[in-house]
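These are the residues of each chain, in order.
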Amino acid sequence: MFGKMFNKILIANRGEIAVRVLRACHEMGIAAVVVYSDVDRAALHVRKADEAYPIGAAPASESYLNIPKILDVAKRSGADAIHPGYGFLSENAKFAQACADAGVKFIGPTPAAMNAMGSKTRARQAMEKAGVPFVPGTSRGVESVEEAEQVAARIGYPVMLKAAAGGGGKGMRLVHAADQLKSSLEAARSEAERSFGDSEVYLEKAIINPRHIEMQILADEHGNSVYLGERECSLQRRHQKVLEEAPSPMVDADMRRRMGDVAVRVAQAANYSNAGTIEFLVDQEKNFYFLEMNTRLQVEHPVTELITGLDLVHLQIRIAAGEKLPFKQEDVRLRGHAIECRIYAEDPDNNYFPSPGKITLLLQPSGPGIRRDSGMYEGWTVPIDYDPLLAKLIGYGTDRDQAIARLTRALSEYFVGGIKTNISLFRRILGDANFRAAKLDTGFLDRMLQRTEDKAVDSRATEVAAIAAGIFATLGASAAAAAERAEDRTSASDAAASKWKDASRREGLR
Amino acid sequence: MLYDVTIDGKNYRLELNRADGRWSCRLDGRDIEVDAILARPDVLSLRIGNMAYEVKSERVASELHLWVGSTRFAAEVRDPRSLRGRARAGEAQGPKKIVAPMPGKVVRLLVREGDEVAAGTGLAVVEAMKMQNEIKSPKKGTVQKILVSEGAAVNAGDVLLIVE
């Protein structure tokens, strides 16, 4: 073993990913320190932590994005490393640098590698040197409307305008013809300025109905890099991923090797270390183009874990501690198929508007091939202040059909009461004939949601509901009355538990 | 017990009686063999004949939902003999309370007391999780009363305003 394993890791995040990292720490015998904002005192990551420190008010700028406060907790707790999770500070090179300056190991790439990849235009310039395939376009921000018009005329319409500092679809505009270019450029610039404080916008050929496929890589701090196979992330709503799977049904062994080689070249060109993801756009002819690199653990990392048998968070921690990669490229074997559903607190009947609130009832699936990474529990109130991701439900099977079957079964067992969730959306996706046939592209979800759902009402189920409504009313088992009874029962079982403890103590004394 | 039950807009008359842990059930005059166990609060294990069902109950804002398997039904249960039941049945014609569909912050009020509104007119904007949601009037009428101010934090089900 190289280096010295950490004794204590600070997790600078919240929600399901904080719990995910915390579990890895405990599995490795490492104490887990968490931070929380005023509205997160009751959050699951605080309940499960070894040490927990309040860091301020609900707005992320005053808590989860506040670098001095987080580094102060690292110092006070004596943590020797910080895991940033995803989102928040995970791709902030200034934070990685501040950690280094404070003598705390940042579990992720170096600030220099993050800087190289942080701007889409700068990443593109570096990657062109490394011979990485790109969508035709500019590798720098366009200076003027005239320049944009010249480039667009050369590569041909339709073209896409994108913010250099962008992400999540902000500052993006699809332009079908020359007469729309000027107004679209202005709109993209002002949106980029508002969203990222940087109005740099570049232009590239628009690929219609592309697939979004990404390659997971791991690199140690001794120059070794491997790829761990791809993830198919084409199912998106408003440029946000909704469902991911691995492997991609479109990628065969040869294409995987070619994409993997490019991904490793990208990582090496940036002197990259730790876990990272190279995103590609793939056209209908299976040409793939470098899109961007995400310099962090991804939300959808579990699907890769299931098909490779590796634990990416364990490996991130070991790499950060200075260990060499414990395997080589030829040792990586993909087995089976995994699909992830992102369970959000949002209302499918109201344009997917966030639906925070108190979870009054939580029934969770289990059984063969099911993994749940969750940050919620029954009785917890989902705060209104953050991203509404509650949990990830992942199905694994020997092949895609079995993974779909298991996930469909698990979704029917999943129930989150008191708030609205998008669970019904996944039931619809998994039952869709085109999804089952793996006819996927980034326009899939918009097209599916435009079709009206075929809701055959079962008159028998309606009668069952009517009878149940009466029985619930008779039993006084409304949600409110039930909550009171649950409290009574908790105190009763506490009393029983303490009696049992008394008894066992007496037994122990004998 | 006698109930008027509405499930997704369909009305039923339900008679339920329990003696010695056994239920007798008449739905719209038909006798139905029912066996029910409350597995845990809000979860009912039902047998109707030999068919088995798991039914979940939840309240979201002020609505009661029952889930039979993975299908959601909006439910209303009234005691036909109580005054409250009768008052509720007539609610559609009277003043309509506009409630917050989710917890959040009132960022803007779009109307003033006394304003005439059409069905679909925006009344207020509520923000949660960085998204803004416009609350629209469900009917034509007059804004009778506004119960919140801009900037107020509201919970799901809180009455924002009343449209008469």
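Worth saying up front: this structure is predicted, and the values here are computed from it rather than measured. (Residues numbered from 1 in each chain as written. Chains lettered and ligands numbered in written order. Predicted model: local features only at pLDDT ≥ 70, side-chain atom pairs only at ≥ 80, totals over all residues.)

### A look at the sheet that holds strand β17 (residues 159-163) of chain B
All names here are of chain B.
Then step 1. The strand order across the open sheet formed by 4 strands is β10-β17-β15-β12, and the pairing between neighbours is antiparallel. Here the strands that pair on one side only, and so sit at the sheet edges, are β10 (96-99) and β12 (116-117).
Then step 2. Pairing between β10 and β17: 4 bridges, direction antiparallel. Residue pairing across strands places Val99 opposite Val159, the latter belonging to β17. (Pairing = 2+ DSSP bridges. Helix = DSSP H or I, 4+ residues; strand = E, 2+ residues; numbered from the N terminus.)

### What about the nonpolar core?
Then step 1. In this structure, Ile9, Ile11, Val34, Ile82, Ile217, Ala263 and Phe280 of chain A are the most contacted members of the largest nonpolar core, which totals 82 residues.
Then step 2. The element contributing the most residues to this core is helix α1 (residues 15-27) of chain A, with 7 residues.
Then step 3. Viewed by domain, this core spans two of them, domain 1 (8-107) and domain 2 (116-130 + 209-320) of chain A, each represented by three or more residues.
Then step 4. Contacts of Phe280 of chain A, omitting those with residues within four sequence positions, involve Ile213, Glu214, Met259, Phe288, Tyr289, Phe290 and Leu291 of chain A.
Then step 5. Among the nonpolar cores identified, the runner-up in size contains 63 residues, and Val242, Leu390 and Ala403 of chain A together with Phe73 of chain B belong to it. (Core = buried A, V, L, I, M, F, W, Y, C linked by C-beta atoms within 7 Å. Buried ≥ 20, exposed ≤ 12 C-beta atoms within 10 Å, placed from the backbone. Domains from an automatic or database assignment. Contact = placed C-beta atoms within 7 Å.)

### Some remarks on the domain arrangement of chain A
Residue and element names in this part refer to chain A.
Then step 1. Here chain A is partitioned into domain 1 (8-107), domain 2 (116-130 + 209-320), domain 3 (136-205), domain 4 (336-455) and domain 5 (463-509).
Then step 2. Centre-to-centre, using C-alpha coordinates, domain 1 lies 25 Å away from domain 2.
Then step 3. Between domain 1 and domain 2, the residue contacts involve 13 residues of the former and 13 residues of the latter.
Then step 4. Within the side of domain 1 that touches domain 2, the residues separate by chemical class into 8 nonpolar, 2 polar and 3 charged. (Nonpolar A, V, L, I, M, F, W, Y, C, P; charged D, E, K, R; others polar.)

### Points about unusual backbone geometry
All names here are of chain A.
Then step 1. The omega torsion across Tyr157 and Pro158 is 0 degrees, close enough to zero to call that bond cis.
Then step 2. Looking at the element boundaries, Pro158 is found in the loop between α7 (145-155) and β6 (159-163).
Then step 3. Each neighbour pair has its own omega, and for Ala246 with Pro247 the value is -5 degrees, a cis peptide bond.
Then step 4. Backbone geometry at His239 places phi at a positive 65 degrees, although glycine is not the residue there.
Then step 5. Mapped onto the secondary structure, His239 falls in the loop between β10 (225-237) and β11 (240-246).
Then step 6. With a phi close to 70 degrees, Lys286 is a non-glycine residue in the positive phi region.
Then step 7. Relative to the elements of secondary structure, Lys286 occurs in the loop between β12 (274-282) and β13 (288-294).

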